[in-house]
Amino acid sequence: MTHEAFREMLPLYVIGALDGDELYNLERYVAENRERCNAEIAEYQVIADQIALLAPPAEPSPAVYERIAAAIGEGKRPGEAPVAARVTAPVSARPPAVERREREGSGFGALIFRFVPWTAAAVLGVLLFSANGQLRVVTGQLESMTRAYNELLGKSHAQEGTLTQQQGSLADLTTRVETQAKELDQLRVRNNEQQRDLETLRAANRELTDEKDKLLQAADQMRQQLERETVQTAALQKKVDEQTGVLDLVMDPAIRVAALGDPKGETKGVGKAYWQSVKKTGLVVVSNIAPVAQSQGKCLEVWAICGNEPPVAAGIGWTDDSGHGILQVKLTKDIACIDKFAVTVERAGGVPTPEGSIILIGQ
Amino acid sequence: MPDGQSRVNTSGGETTDDRELLRAVAARDREAFQELYDRHSGMLFALALKILSDRAEAEDVLQDAFVQAWKTAGSFDEGRGKPLGWFIMLIRSRAIDHLRSRKTRTRLSESVAKDGAAGGSAVTPTDEALASEAQRTVRNALNALPPEQRVPIEMAYFGGLTQFEIAQQLSQPLGTVKTRIRTGMIHLREQLGGGAAGRRERTP
């Protein structure tokens, strides 16, 4: 700690507002720099002490000093007359003249008692004279004992002073330890409260985390479901587009239709060919034929025939499991006219000239 | 018992006497002890009563402090201040310990804060009549401070609260409380340092 820091903390120190590390550091600095600090502390302490004057005037009860006197072993105020001495003597009912006469005495009895003290004194004097030597010895012993007692008393005072100093230091230390213990207790209580708050917050955080995980899981499932439905919707849209194309073609007033059938009449397979000669587009719808799937490595192929010219490949396709299918007619080259449409079963991908047998044909 | 003049002394003309008296107390002089008691018990009791607001407790504190002074007068370090400052320290530390033990600091500090909001320490006409010039000087100097400086000083001095506790009770940052106490004490020092004490020294 610097002396500047000491000076900054001093106004707070003298009114007892410092605490914790600041108080500890300041007191340590003061202990290490006692001579330099004491004058400055005393200067501010005078200011702090004057704040005490703000207390409204009040006086303690007289019993307080009596208790203090009892505690320090005095029993009463110095100079104060003993309690018995302060009690007023009862007033006599007899006249003062009578009392005076009684004190002075009268008659024969009084005469005898007036000579008794003189006689006793004479006897005592003889006795004292004879015991004078012994008395001097005893007096010497008494003086010696008194000196020894005074020496012991002096040592006792010195030890008592040391003891009171140590008691004072001990009392101050005890006060400081008690204050610090109280502050420590307060800190412990505050720490426990904060630990409890922290635990509560942690528990709440765990619950929130669990909730968040559940929500993320649900969101993931919904996203997967959405993706599946998007794929299905796209497939349906494609099918709708195809059906719309078929419907547009079928509804075209310029369309020409040819019925197709098994040339040998051995199967129930039937079909219809729709052809728009201006746009050169069309389709062939087949039903009740043996199913032809792409997975079989085969396909249905449409052929356009003009008179005795070789058939022209006009598109490929497949049926569903029940033998129904729609084949787009796409001419692979120009043709002078179209008299007939035929359908054959060919290798996957189609062939330029028919290799399989005709399963449907129509004019 | 102490008269009005002697009860308001915190330093000055009688300080030299106080030191001699305390030395005599250290040598077990009971008359010196009684003289110190008669001179300062009123002011010290008033301080204890201000802190504790309870006569019986304040008298206990006064008794405890004087018994302690009797026992430890020999340990008084004259280099660190004046005897009355030492007595004030004995009274304050014990009164504040009592206060903490009965856990009414909040009530007292609220009372101090209320006094501060009302414009200063509550003083009755009787108090004013009994107050000495030195008391009025100190009271004027303290009341001249802005409430935000005076209130934390009184909370610390009479309530025994630390700067941290004051900041909590006033809901103010710790640094602000420190600055206000320091500024207020510096102003008091300018007003009272050698002022009220000096006047008391000149007062017959």
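Throughout, a residue's number is its position along its own chain's written sequence, starting from 1. Ligands are numbered from 1 and chains lettered from A, in the order in which they are written. pLDDT decides what is reported in this predicted model: residues at 70 or higher carry local features, side-chain atom pairs at 80 or more are listed and counted, and totals for whole chains, interfaces and linings draw on all residues regardless.

(A) View of the overall build of chain B. If you tally the helices and strands in chain B, you get 12 helices and 0 strands. Where helices and strands are cited, they refer to DSSP runs of H or I of at least four residues and of E of at least two residues respectively, numbered from the N terminus. Along chain B, from the amino end to the carboxyl end, the secondary structure elements read α-α-α-α-α-α-α-α-α-α-α-α. Burial is judged by counting the other C-beta atoms within 10 Å of a residue's own C-beta: 20 or more makes it buried, 12 or fewer makes it exposed, and any count in between marks it as partly exposed, with every C-beta position built from the backbone. For chain B, the residues scored as buried account for 49% of the 204 residues in total. Sequence-distant contacts, at least 24 apart, represent 71% of the contacts inside chain B between residues at least 6 apart. By the convention adopted here, residues make contact when the C-beta atoms placed from their backbones lie within 7 Å.

(B) How the structure looks around the overall build of chain A. The number of helices and strands found in chain A is 7 helices and 8 strands. Within chain A, buried positions represent 18% of all 363 residues. Sequence separation of 24 or more characterises 53% of the internal contacts of chain A that already satisfy a separation of 6 or more.

(C) Region of interest: the pairing of strand 3 (residues 281–287) of chain A. Residue and element names in this part refer to chain A. Bridge count between strand 2 (residues 270–276) and strand 3: 7 bridges; the pairing is antiparallel. Residue Trp275 lies in a different strand from strand 3, and its bridge partner there is Gly282. The loop that links strand 2 with its antiparallel partner strand 3 comprises 4 residues; one of these, Lys280, has a positive phi angle of about 55°. Between any two strands, pairing holds if DSSP finds at least two bridges. By the bridge criterion, 5 bridges tie strand 3 to strand 6 (residues 325–329) in an arrangement that is antiparallel. The residue of strand 6 that forms the bridge with Leu283 is Gln328.

(D) Here's a closer look at the interface of chain A and chain B. Between chain A and chain B, the contact holds 47 residues from the first and 64 residues from the second. Within the residue set of the side of chain A that touches chain B, elements represented by two or more residues are helix 1 (3–14), helix 3 (34–51), helix 4 (63–71) and helix 7 (107–251) of chain A. It is helix 3 of chain A that provides the largest number of residues to the side of chain A that touches chain B, a total of 11 residues. When residues are grouped by polarity, Ala, Val, Leu, Ile, Met, Phe, Trp, Tyr, Cys and Pro land in nonpolar, Asp, Glu, Lys and Arg in charged, and all others, Gly among them, in polar. Looking at the side of chain A that touches chain B residue by residue, the class counts come to 27 nonpolar, 12 polar and 8 charged.

(E) A look at helix 11 (residues 174–192) of chain B. All names here are of chain B. Residue count minus one, scaled by 1.5 Å, sets the expected span of a helix. The terminal C-alpha atoms of helix 11 lie 27 Å apart, and with 19 residues this matches the ideal 27 Å at 1.5 Å per residue to within 8%. Every buried residue belonging to helix 11 is among Val177, Lys178, Arg180, Ile181, Gly184, Met185, Leu188 and Leu192, and all of these are buried. What you see down the axis of helix 11 is that its buried residues fit within an arc of 165°, all on one side. Opposite the packed face of helix 11, turned more than 90 degrees from it, sit the exposed residues Gly175 and Glu190. Arc definition: directions from the helix axis to the C-beta atoms.

(F) Broad picture of the packing of helix 3 of chain A against helix 11 of chain B. Between helix 3 of chain A and helix 11 of chain B, the least distance of the axes is 10 Å, while the angle of their chain directions is 90°. Taken together, the axis directions place helix 3 of chain A and helix 11 of chain B in an arrangement best described as roughly perpendicular. Listed contacts from helix 11 of chain B to A:Tyr44, A:Ile47 and A:Gln50 of helix 3 of chain A are B:Met185, B:Leu188, B:Arg189 and B:Leu192. Broken down by class, the residue content of the contact of helix 3 of chain A with helix 11 of chain B amounts to 5 nonpolar, 1 polar and 1 charged. Only the stretch in contact is used when a helix axis is fitted, and all axes are lines through C-alpha atoms; the angle between N-to-C directions ranges over 0 to 180 degrees. An angle below 35 degrees is treated as roughly parallel, one above 145 as roughly antiparallel, one from 65 to 115 as roughly perpendicular, and anything else as oblique.

(G) Representation of the nonpolar core in the model. In this usage, the nonpolar core is the set of buried Ala, Val, Leu, Ile, Met, Phe, Trp, Tyr and Cys residues whose C-beta atoms join them within 7 Å. Membership of the largest hydrophobic core comes to 74 residues, with the highest contact counts inside it found for B:Leu44, B:Leu47, B:Ala48, B:Ala65, B:Phe87, B:Ile91 and B:Ala156. With sequence-adjacent residues up to four places away left out, B:Ala48 is seen in contact with B:Ala58, B:Val61, B:Leu62, B:Ile91 and B:Ala95. Counting residues in hydrophobic clusters, the runner-up holds 26 residues, among them A:Val284, A:Ala314, A:Leu327 and A:Phe341.

(H) Up close: unusual backbone geometry. At A:Lys280, a position not held by glycine, the phi torsion is positive, near 55°. Inspection of the secondary structure puts A:Lys280 in the loop between strand 2 and strand 3. A:Lys280 gets classed as partly exposed once you count the C-beta atoms within 10 Å, which come to 13. Not every positive phi belongs to a glycine, and B:Arg28 is a case in point at roughly 70°. The topology assignment puts B:Arg28 in the loop between helix 2 (15–26) and helix 3 (30–52).

(I) Focus on the packing of helix 10 (residues 163–170) of chain B against helix 11 of chain B. Residues and elements named next belong to chain B. Close contact between helix 10 and helix 11 brings their axes to 9 Å; oriented N to C, the two are set at 110°. Judged by the inter-axis angle, helix 10 sits roughly perpendicular to helix 11. Of the two elements, helix 10 crosses helix 11, and the hand of that crossing is right-handed. Each of Gln163, Phe164, Ile166, Ala167 and Leu170 in helix 10 lies in contact with helix 11, whose residues at this interface are Leu174, Val177, Lys178 and Ile181. Residue composition of the contact of helix 10 with helix 11, by class: 7 nonpolar, 1 polar and 1 charged. It is the rotation of the near helix from the far one that decides the hand of a crossing: anticlockwise by less than a right angle makes it left-handed, clockwise makes it right-handed.

(J) Helix 3 of chain B, seen in detail. All names here are of chain B. The terminal C-alpha atoms of helix 3, which comprises 23 residues, lie only 29 Å apart, well short of the 33 Å expected from a rise of 1.5 Å per residue. The axis of helix 3 is deflected most strongly, by about 50°, at His40. Most of helix 3 sits inside the fold, with 19 of its 23 residues counted as buried. Bend at a given residue is defined as the angle between two axes, one fitted to the seven residues that end at that position and one fitted to the seven that begin there.

(K) Region of interest: the confidence of the model for chain B. Residues and elements named next belong to chain B. Of all residues in chain B, 73% attain a pLDDT of 70 or more, and the chain-wide mean is 78. In the predicted structure, residues 1–16 sits below a pLDDT of 50 and forms 38 contacts with residues beyond four places in sequence or in another chain. Every residue is assigned a pLDDT by the predictor, reflecting its confidence on a scale from 0 to 100. Contacts for the low-pLDDT stretch residues 117–121, under 50 throughout, to residues beyond four places or in other chains number 5 contacts. Interface confidence for the predicted complex, given as ipTM, is 0.78, next to a pTM of 0.45.

(L) Region of interest: the pairing of strand 5 (residues 312–317) of chain A. Residue and element names in this part refer to chain A. Counted residue by residue, strand 5 has 5 buried out of 6 residues, so it is predominantly covered. For strand 4 (residues 298–305) and strand 5, the ladder comprises 4 bridges, and the chain directions are antiparallel. Paired with Leu300 across the strands is Gly317, a residue of strand 5. Adjacent in sequence and paired antiparallel, strand 4 and strand 5 are bridged by 6 residues, among which Gly307 carries a positive phi angle near 55°.

(M) Examining the confidence of the model for chain A more closely. Per-residue pLDDT for chain A has a mean of 82; in total, 83% of the residues score no lower than 70. Low pLDDT (under 50) marks residues 78–113 of chain A, which in the prediction has 9 contacts with non-local residues, meaning those over four places away or in another chain.

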